[in-house]
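Observations on the model geometry
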Amino acid sequence: MARGLVLCSQTRTIAKLSFFLPYPKLWFKPHCHHHPCYGPQNIPSARVFCHCVSSQTLNLVDMAKYNEAFSRRMAMAGIKHHNRIALGVSGGPDSMALCVLAASWKTEGLYGFDNSGKFIDGLFAIIVDHGLRSESKDEASLVGNRVSEMGIRCKIVRCDWLNGKPKQGHLQESARDMRYKIFQDVCMQNQISVLLVAHHADDQAELFILRSSRDSGVLGLAGMAFTSQVFSSHTNFCNNDWKNHSVLLVRPLLDFSKEDMYKICQGSNQDWVEDPTNRSPLFARNRIRASLGNLLSGTFNSELQAVISVCRRTRIYVDQMCNSLIKQSITVMDFVSQRQRPIRGSTSKLLLQYIRTIPCKTSLTAAGCYICPAPGSKGFKALVCCSVDCPLPSNAESFHTFSNVEEKHCFSDELEQIIANGKSYSNNNLVTNSSQAQFLDMRSQSVLDEARRLDVISESTHRNIISFQREEVSHFKSKTDEVASGCESKQGTEHIAAFLSEPLLPGQTCYFMNRFIISWKLSKEISSNWFRGEPLSLSYLEGDGHCCCVNEDEMVAKVRTMIDADWLYLAKLTKLPHSDNFEATRLPLTVAARKSIPVLVDDLGRLLSIPSIGFKHCPCMKASAVFKPRVPLGGGHGSFL
């Protein structure tokens, strides 16, 4: 490894670095963020810890400018100084700069340190130890100490890879998913309604190149949202009412560049770490970052950011038009597919074309939904329900409940107020007409051509972006060919796995298919709607009679979706003499909706109950299936300002 003194090429500061290794520390003074030891052929196994010391010739960093810009972004998001805020911290220059700005903002005015006088009130850092390298535990501990020294209370969480550590090809994606899951869980556990992450303008530029190489439409080219409502995997019960629980994810640094991150750390005399995996050419973002290189400065950078800004204005216009149409024309009922990710542009066009064809006389499947003319509407209304062939979540997830009802309500109300504040700001900055949305109905190549025609970008910038796209396309196509067969087998496995869940014990509660809250118990009181005059149980498809309460102590139930055999069995029951009391079987359920209905079965797979339609075998069994989608229609609040 090279040793010695090197001046940073852009910040003109002397950087003091060390590798955190099992043996005694070695101190280096190389390049801050373009040091040759980070090159693809020489990637260290441990993170590099950096500390910038200002030289006498360096102009002082204008921290007031950065603090003012950060404060303006927090106001745009609707966040007030008294709100509880979490920070996603990795220890890199981006997240350390976020800590600096958040700490300064939080202590403005009357809001300062907690009763201990050590930590800033209402500010909480979350450090994730991915556990993918032997040094990660010590690195996370060191970052935690440095964050604590800034007056920010922190929590270090180590990833638990239940199915083994992710493979190299999916490493960054898996680590990101795990990281955000931990962020959400910690926020929910600590009653925190806002999570700040440190994505900045250079990250947006990298994402633009990445998505344009995948031929993304203008909605994708708009990049990461400024604010978005993310929903926790945990659901909680409060005051006899089920509620969605979410955290507002905010990216307040999208106006700042990577160079700004270093300057903020330098101006506040803060250390940071450099992760060597961020230089590995194995990952697409790293390749794009290396390709962009020094071009992310001057004319190229400003023009690329201008294209992204126009894409974001177009997305704002499309989002507000879609929200308006949803409010005017859609009634949400049970059994709608709750897909977690937005639909792609081509699917959006298909749906719009279908809606515009009035009256609708055909049906189609899109985004996990089956769409057809509503019965009796003569094609002037459309029915949307879960597709028969749509793979479903594989299991039923049990969860815990809050014990402090008053605190829970306060937490929920705070988030609602923040979102309302953000919407109030957004309403004053809406894109009011299509002329302000210049990239409507365009793919990536068309966006660039139109940007050049409108003089948003120059010919040289257009040429450079196209070159970066082609370079990444070659990597993407070769990777796609390698994993194509694997994806097909994986889809088949997921579909089969969705058939049956883990056992659900009496009194337990679970979330099923991301939209049903299911629970059951046994009661000695026989309900009035069971089939009187008949045995306490009916045989299941010519099988032996069985009642779930015969062995109450050993009784368990499993949750799955309805299958064709269940429908045939219900049809058989309607022909029995006691069927006059079984009104549930005559509910207007479409065939396409059948896979959206949860049922309870015993350990032998025999039908026990269909809570959604009020059917059960045993008169002592009380089961419920409350329809409460984990993610609401539209995905919740978001902003691309």
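For the structure given in this document, a descriptive report is provided here.

So, how was this worked out
- Residues numbered from 1 in each chain as written.
- Predicted model: local features only at pLDDT ≥ 70, side-chain atom pairs only at ≥ 80, totals over all residues.
- Heavy atoms only, no water.
- Helix = DSSP H or I, 4+ residues; strand = E, 2+ residues; numbered from the N terminus.
- Buried < 20%, exposed > 50% of the residue type's maximum accessible area, 1.4 Å probe, protein only.
- Contact = heavy atoms within 4.5 Å.
- Areas by Shrake-Rupley, 256 points an atom, 1.4 Å probe, with all protein chains shown as cover.
- Axes fitted to C-alpha atoms, helices over the stretch in contact; angles between N-to-C directions.
- Parallel < 35°, antiparallel > 145°, perpendicular 65-115°, else oblique.
- Nonpolar A, V, L, I, M, F, W, Y, C, P; charged D, E, K, R; others polar.
- Salt bridge = Lys/Arg side-chain N within 4 Å of Asp/Glu carboxyl O.
- Pairing = 2+ DSSP bridges.

In this section: the overall build of the protein. Tallying secondary structure elements over the protein gives 14 helices and 25 strands in all. Per-residue burial over the protein gives 49% buried out of 641 residues. In the protein, the proportion of contacts linking residues at least 24 apart, taken out of those at least 6 apart, comes to 73%. Per element, the accessible surface of the protein, about 32,500 Å² overall, is 52% carbon and sulfur.

The next point concerns the packing of helix H5 (residues 201-213) against helix H9 (residues 298-329). It is at 10 Å that the axes of H5 and H9 come closest, and there the two elements cross at 80°. For the element pair H5 / H9, the angle class is roughly perpendicular. Between H5, through Ala-201, Gln-204, Ala-205 and Phe-208, and H9, the contact on the second element is made entirely by Leu-304, Gln-305, Val-307, Ile-308, Cys-311 and Arg-312. The class makeup of the residues in the contact of H5 with H9 is seven nonpolar, two polar and one charged.

So, about the pattern of salt bridges. In total, this model carries 19 salt bridges according to the counting rule given. The shortest N-O distance in the salt bridge between Glu-139 and Arg-133 comes to 2.8 Å. Across this residue pair, the class does not change: Glu-139 and Arg-133 are buried. For Asp-449, the salt bridge goes to Arg-452, with nearest N and O atoms at 3.7 Å. Pair noted here: Asp-449 and Arg-452 are both in helix H12 (residues 444-453), with a separation of three residues, about one helical turn. Residue Asp-449 is classed as partly exposed on the basis of its relative accessible area, which comes to 30%.

On to the side chain of Ser-136. Tracing the backbone shows Ser-136 in helix H3 (residues 136-149). Given a relative accessible area of 9%, Ser-136 falls into the buried group. Every residue in contact with Ser-136, bar those within four places of it in the chain, is listed here: Asp-129, Gly-131 and Arg-158.

Below, the discussion takes up the sheet that holds strand E6 (residues 153-158). Reading across from one edge, E6-E5-E4-E7-E11-E8-E25 is the order of the seven strands in this open sheet, with mixed pairing throughout. If you trace the sheet from one side to the other, it starts and ends with E6 and strand E25 (638-639), each paired once. With five bridges joining them, strand E4 (residues 85-89) and strand E5 (residues 123-129) adopt parallel strand pairing. For Gly-88, the partnering residue across the bridge sits in E5 and is Ile-126.

A few words on the pairing of strand E11 (residues 246-250). The element E11 is largely enclosed, with a buried count of five among its five residues. The two faces of E11 match: Ser-246, Leu-248 and Val-250 on one face and Val-247 and Leu-249 on the other face are all buried. Bridge count for strand E7 (residues 194-196) against E11 is three bridges, and the pairing is parallel. For Leu-196, the partnering residue across the bridge sits in E11 and is Val-250. Of the strand pairs in this sheet, strand E8 (residues 227-231) and E11 are connected by five bridges, and their pairing is antiparallel. Residue Ser-228 lies in a different strand from E11, and its bridge partner there is Leu-249.

This next bit is on the pairing of strand E20 (residues 557-561). Counting buried positions over the five residues of E20 gives four, a clear majority of the element. Sheet topology note: the strand E17 (residues 503-504)/E20 ladder contains two bridges and is antiparallel. Across the sheet, residue Leu-504 finds its bridge partner in E20, namely Ala-557. Pairing geometry for E20 and strand E21 (residues 598-601), over four bridges, is antiparallel. Across the sheet, residue Lys-558 finds its bridge partner in E21, namely Val-601.

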